[in-house]
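Now for the letters of each chain:
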Amino acid sequence: MGLQNFERRLEHAFDSVLGKALRGHLHPVEIGRRVTREMDLRRRVGVHGLISPNSFVVYLSVHDFDRFESFLDALARELEEAVRDHARMEEYNFMGPVTVSVVEDPRQRRGRFAVVSEVKEGHQGLSAASVVLSDGQRIVLGPEPITIGRLPESTVVVNDANVSRRHAEIRRSGNEVVVVDLGSTNGTRVNGATVRERVLSDGDNIVVGTTTMRFEAS
């Protein structure tokens, strides 16, 4: 399902490119399959379950790198989403944020590529955690909280009369991540339930006013 989603997203975003320039050549979904296979081959048992690589470098031939150059950034983002999707399906954990880099490698022949993966801890050893906004923007949770509200200095600024100036924050609490309502007027909801403070799980939807964001632990 993760790779199918990956392929559908790419085809939707780059239909004209994938339909013509890539016909009969190396296709991004082949890279997606190799990356997720690398996750399966290099997974290991950790304290809290299976640990998967979270850092990937894809090495393309000069020819293929040139063909993909116009959408390399988008390809890397979609590969990162494929990694997260696969981790959810297989219940893999990450030691840090997911990153995928696509680089040129003169040693690779046309149509061939290599993938090198690594388990990398997050900054200051923090586990992976992020908030995905409705427009697809991803905000990685570091040691400092993610603040939500109408104040311009908030991490997530929400211009909504139903949202308080200092509405809520998402912060780390030991090995967990919690969302905390900061005494807002209209409350904070997680998966439809109004909360004061709640430990977040991967995929939880957080709603403030009319704005929805998704927590991801992968």
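Residues numbered from 1 in each chain as written. Predicted model: local features only at pLDDT ≥ 70, side-chain atom pairs only at ≥ 80, totals over all residues. Heavy atoms only, no water.

Topic: the sheet that holds strand S17 (residues 211–216)
Think of a sheet as strands paired side by side through backbone hydrogen bonds, with each pair either parallel or antiparallel.
Step number 1: Sheet architecture is open: six strands sit in the order S8-S7-S17-S16-S13-S14, paired in antiparallel fashion. Both edges of this open sheet fall to strand S8 (138–140) and strand S14 (193–195), since each of them pairs with a single strand only. Sheet twist, expressed as the average angle between the axes of neighbouring strands with direction ignored, equals 30°.
Step number 2: Pairing geometry for strand S7 (residues 130–132) and S8, over three bridges, is antiparallel. In the strand pairing of S8, Val131 is matched with Ile139. (Pairing = 2+ DSSP bridges. Helix = DSSP H or I, 4+ residues; strand = E, 2+ residues; numbered from the N terminus. Axes fitted to C-alpha atoms, helices over the stretch in contact; angles between N-to-C directions.)

Some remarks on the packing of helix H3 (residues 28–41) against helix H5 (residues 72–90)
Step number 1: The N-to-C vectors of H3 and H5 enclose an angle of 40°; their axes lie 10 Å apart at closest approach. As far as their axial angle goes, H5 and H3 are oblique. When you trace H3 past H5, the crossing you get is right-handed. Each of Pro28, Ile31, Gly32, Val35, Thr36, Met39 and Asp40 in H3 lies in contact with H5, whose residues at this interface are Leu75, Leu79, Ala82, Val83, His86, Ala87 and Glu90.
Step number 2: Partitioned by chemical class, the residues of the contact of H3 with H5 number nine nonpolar, three polar and two charged. (Parallel < 35°, antiparallel > 145°, perpendicular 65-115°, else oblique. Left-handed = near helix turned anticlockwise from the far one by under 90°. Contact = heavy atoms within 4.5 Å. Nonpolar A, V, L, I, M, F, W, Y, C, P; charged D, E, K, R; others polar.)

A look at the sheet that holds strand S9 (residues 146–149)
Step number 1: Here we have five strands laid out as an open sheet, ordered S10-S9-S11-S12-S15, and mixed in their pairing. Strand pairing shows two members of the sheet lacking a second neighbour, strand S10 (156–157) and strand S15 (197–199), which therefore form its edges.
Step number 2: As judged from the three bridges shared by S9 and strand S11 (residues 168–173), these two strands associate in the antiparallel manner. Pairing of Ile148 across the sheet is with Ala168, part of S11.

Points about the nonpolar core
Step number 1: In terms of nonpolar packing, the biggest core is built from 25 residues, with Ile31, Val58, Leu60 and Phe68 touching the most fellow members.
Step number 2: The set of elements that each furnish at least two residues to this core consists of H3, strand S3 (55–60), helix H4 (62–68), H5, strand S5 (99–104) and strand S6 (113–118).
Step number 3: At seven residues, H5 tops the list of elements feeding residues into this core.
Step number 4: Counting residues in hydrophobic clusters, the runner-up holds 20 residues, among them Val163, Val179, Val195 and Val208. (Core = buried A, V, L, I, M, F, W, Y, C linked by side-chain atoms within 4.5 Å. Buried < 20%, exposed > 50% of the residue type's maximum accessible area, 1.4 Å probe, protein only.)

Describing unusual backbone geometry
Step number 1: Residue Glu91 is not a glycine yet carries a positive backbone phi of 60°.
Step number 2: By the secondary structure assignment, Glu91 is in the loop between H5 and strand S4 (92–93).
Step number 3: At Asn191, a residue that is not glycine, the phi angle is positive and equals roughly 50°.
Step number 4: Residue position: Asn191 is located in the loop between strand S13 (188–190) and S14.

Some thoughts on the pattern of salt bridges
Step number 1: The tally for this structure, following the rule as stated, stands at 10 salt bridges.
Step number 2: Between Arg171 and Glu169 there is a salt bridge whose closest N-O contact spans 2.3 Å.
Step number 3: Its relative accessible area of 29% is what places Arg171 among the partly exposed residues.
Step number 4: For Glu169, a relative accessible area of 10% corresponds to the buried category.
Step number 5: Because the salt bridges share partners, they merge into one network encompassing Glu81, Arg84, Asp85, Arg88, Arg138, Asp202, Arg214 and Glu216. (Salt bridge = Lys/Arg side-chain N within 4 Å of Asp/Glu carboxyl O.)

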